[in-house]
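The lines below spell out each chain.
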Amino acid sequence: MSLVKDATVLAEEVNVVRPVAQKRRGRRDNLAGYLFMSPWLAGFLLLTAGPMIASLYYAFTDYNLFAAPKWIGFDNFTAMFDDPRWQKSVQVTLKYVVIGTPLKLLLALGVALLLNQSRRGQGLYRAAFYAPSLIGASVSVGFVWRALFSDNAVVDKGLGSLGLNLGGWIGDPDMILYSLVALTVWQFGAPMVIFLAGLKQVPRELYEAAAVDGAGPLRRFWNITLPMISPVLFFNVLLESIHSFQIFGSAYVVSNTFCGPADATLVYTCYLYQKGFQQSQMGFASAMAWMLLLAVALVTVVLFWSQKKWVHYEEDVK
Amino acid sequence: MTTLTPELKSGANPRKRTGSLVWHVFAIAVLCVVLYPVVWVIGAAFKPGKKIVGSLDLFPADPILDNVKGLADGIAGISISTFFTNSLFYAGMAVVGVVISSSLTAYAFAKIPFRGRKLLFALMIGTLLLPYHVLLIPQYVMFQKLELINTYVPLLAGKFLATEAFFVFLMVQFMRGLPRELDEAARLDGCGHLRIYWSIVLPLCRPALITSAIFTFINAWNDFMGPLIYLNEPSKYTVSLGLMMFRDQQGISDYGGQIAMAMMALIPVIAFFMAFQRYLIDGMATSGLK
């Protein structure tokens, strides 16, 4: 009897004690959580959320850093759409994104497929192909690019020996943007590594089953590999296009004159930089930044919306 | 001797062997094109300035040291070592800031069930996709009002305040992968969060910390826009800005000194990369997947 009684008392005690302990622990967790993330919280408020609000405000003002911002409504935006150099910068950037991103991803996927076969020295190859992704953003490589793509330089002479006389790319307003495209395509290592990781997850049995059914390599790629890596492809498309929209350093460094000749490499951020930091038109530049944000958001939304049609997650298969 | 077995094996299957050979030849051919610019810059640094652009040779017929020696004079009266010291300072402090602040934040997201965690995590991920340019101008205005232009504070503030969401995300992913039993056992033994973070989670997260550290170092070393906007006194310039100064001073057609310094600026990055590439690439792959 007493044993049963003890047990019920104990059980009651536990029932009473646990919620209190849990509550106390919960409170302690809340405090600890916010303490641990206080650097990020401060950073988010001071360097992200605050500036975003300020930037939105500046976008509707005339602000030159020296006098107080003056509210002008949508004038910055209407001025922007009427500005031929702004239109040019949109054109240049879109061209760069639309040509560069698919080429880069194609090369990344191609090399990833190549490296996905188990051969000796795989790790070494992978590392070597990745290298340009890390150094590509540096001013040093910008210099190398300028030297390689100048008149009578390596690319010019190399193409000439193949019978293609395109001349130097850096001084030619029609060609210089393609040297920037080449520079971004050259940095295919990062998406390649992500593709490789995706390819490694494709179950081998699928290929074996398909081979038994008589599917050739092209069919296997189209019907197995591509759907299976579509989440990774989605991730790469999203990340690379968003990055491409924000190109700045290479356009600035590779061009001989300020993002030229003839504004040929006047990418969006170059113009934003010029307006904001060279001409002190902070309001206009902020309005430009918000248009960039809208463009990036639009691309993100469209991609997320389209993913239902072409991205296969494993849960769908089962 | 170790090469004997695979050779025997592949020798037993001649078709496999040719396939492998074709694969290697093809892969190396692609690699040659890809790595050409990297090798080219090393050779070009030892070519006479006027010959750099025209010559197709990877390495000079008669290498000269003039370009490298010329660097000793510095740029506009500033020694090259100043730029390198500045860049080292910037990159080193960036690493310290990112590793400390991001790991603390990641611990909170991954291991502490506090209220509002999901919402804050979503906000943090949201900043991953946010174009930096929206923040650029207000941040500049703010630092200008604080009279911090031409210091390293604006360049480093974000690193110490974990605004580089990519690294927080990377570490959260890694910490979530650690077995739950470990910190539960530690908690039963009476450890607080600080103790669990410091003695259990951090040591186990070493791969994620190293990946973040290397990426941060290389990104800061390569950073161009940040220093361009915030530094305006040549003695504070980083290597990237020093290079641009060099180019503007020398004119755009004489590549001798420019290429020599470009090569030197690449050395730390390439050395870092070769030493740690395994961590880097695995870190990249895991961050992309889940």
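Everything numeric in this text was worked out from a predicted model, so none of it was measured.

Conventions we followed
Residues numbered from 1 in each chain as written. Chains lettered and ligands numbered in written order. Predicted model: local features only at pLDDT ≥ 70, side-chain atom pairs only at ≥ 80, totals over all residues. Heavy atoms only, no water. Salt bridge = Lys/Arg side-chain N within 4 Å of Asp/Glu carboxyl O. Helix = DSSP H or I, 4+ residues; strand = E, 2+ residues; numbered from the N terminus. Buried < 20%, exposed > 50% of the residue type's maximum accessible area, 1.4 Å probe, protein only. Contact = heavy atoms within 4.5 Å. Buried area = accessible area lost by both parts, 1.4 Å probe. Nonpolar A, V, L, I, M, F, W, Y, C, P; charged D, E, K, R; others polar. Disulfide = S-S within 2.5 Å. Phe/Tyr/Trp six-rings, centres within 6.5 Å; stacked < 30°, edge-to-face > 60°. Lys NZ or Arg CZ within 6 Å of the ring centre and 35° of its normal. pLDDT = per-residue confidence, 0-100.

1. Concerning the pattern of salt bridges
All names here are of chain A. Enumeration over the complete set of coordinates arrives at five salt bridges over all chains. A salt bridge links aspartate 263 to arginine 85; the nearest nitrogen and oxygen atoms lie 2.8 Å apart. Residue aspartate 263 is located in the loop between α13 (249-254) and α14 (268-278), and its partner arginine 85 is located in helix α4 (residues 84-115); the two are separated by 178 residues in the primary sequence. Take aspartate 263: its relative accessible area is 19%, and that puts it in the buried class. Residue class for arginine 85 comes out partly exposed when judged on its relative accessible area of 26%.

2. Quick word on the environment of Phe235(A)
Residue and element names in this part refer to chain A. Here phenylalanine 235 shows up in helix α12 (residues 230-245). A residue is classified by how much of its surface remains accessible, and phenylalanine 235, at 24% relative accessible area, is partly exposed. Considered as a pair, phenylalanine 235 and proline 132 are 103 residues apart in the sequence and their alpha carbons are 20 Å apart.

3. Quick notes on the interface of chain B and chain A
It is common to give the size of an interface as the accessible area lost on bringing the parts into contact. In this assembly, 93 residues from chain B lie in contact with 89 residues from chain A. Carbon and sulfur atoms make up 77% of the area that chain B and chain A hide from each other, which totals about 8100 Å². Among the residues of chain B in contact with chain A, Trp23(B), His133(B) and Ile137(B) are the three that bury the most area, contributing 9% of the side total. Per element, the largest residue contribution to the side of chain B that touches chain A is 17 residues, and it comes from helix α14 (residues 256-289) of chain B. The class makeup of the residues in the side of chain B that touches chain A is 67 nonpolar, 21 polar and five charged.

4. A look at the state of the cysteines
Per the counting criterion, the structure on display carries one disulfide over all chains. With its sulfur 2.3 Å from that of its partner, Cys259(A) forms a disulfide with Cys270(A). Disulfide Cys259(A)-Cys270(A): the torsion about the S-S bond is -50°, which places it as left-handed. In this pair, Cys259(A) sits in the loop between α13 and α14 while Cys270(A) sits in helix α14, placing the two residues 11 residues apart along the sequence. Cys270(A) shares its class with Cys259(A); the two are buried. Left without a disulfide partner, Cys191(B) is nearest to the cysteine sulfur of Cys205(B), which lies 16 Å away.

5. Description of the packing of aromatic side chains
Each aromatic ring pair is described using two quantities: the centre-to-centre distance and the angle formed by the ring planes. Across all of its chains, the model carries 43 aromatic pairs over all chains by this definition. A ring pair is formed by Phe248(A) and Tyr273(A), whose centres lie 5.5 Å apart and whose planes are at 55°; its orientation type is tilted. Within this pair, whereas Phe248(A) is found in the loop between α12 and α13, its partner Tyr273(A) is found in helix α14, the two being separated by 25 residues in sequence. The exposure class assigned to Phe248(A) is buried, which follows from its relative accessible area of 5%. One aromatic cluster is present, built from ring pairs that chain together Phe248(A), Tyr252(A), Phe258(A), Tyr273(A), Phe277(A), Tyr140(B), Phe143(B), Phe224(B) and Tyr230(B). Just above the ring of Phe143(A) sits the side chain of Arg146(A); from NZ or CZ to the centre is 5.4 Å. Above the face of the Phe284(A) ring, Lys275(A) is positioned so that its terminal group lies 4.9 Å from the ring centre.

6. Some details on the confidence of the model for chain B
Residues and elements named next belong to chain B. The share of residues in chain B with pLDDT of 70 or more is 93%, and the mean pLDDT across the chain is 88. Ranking the elements of chain B by mean pLDDT puts helix α1 (residues 4-11) last, at 45, and helix α7 (residues 153-160) first, at 97. Of the regions scoring below 50 in pLDDT, residues 1-11 engages in three contacts with residues more than four places distant in sequence or in other chains. Across the assembled chains, the prediction reports ipTM 0.88 with pTM 0.89.

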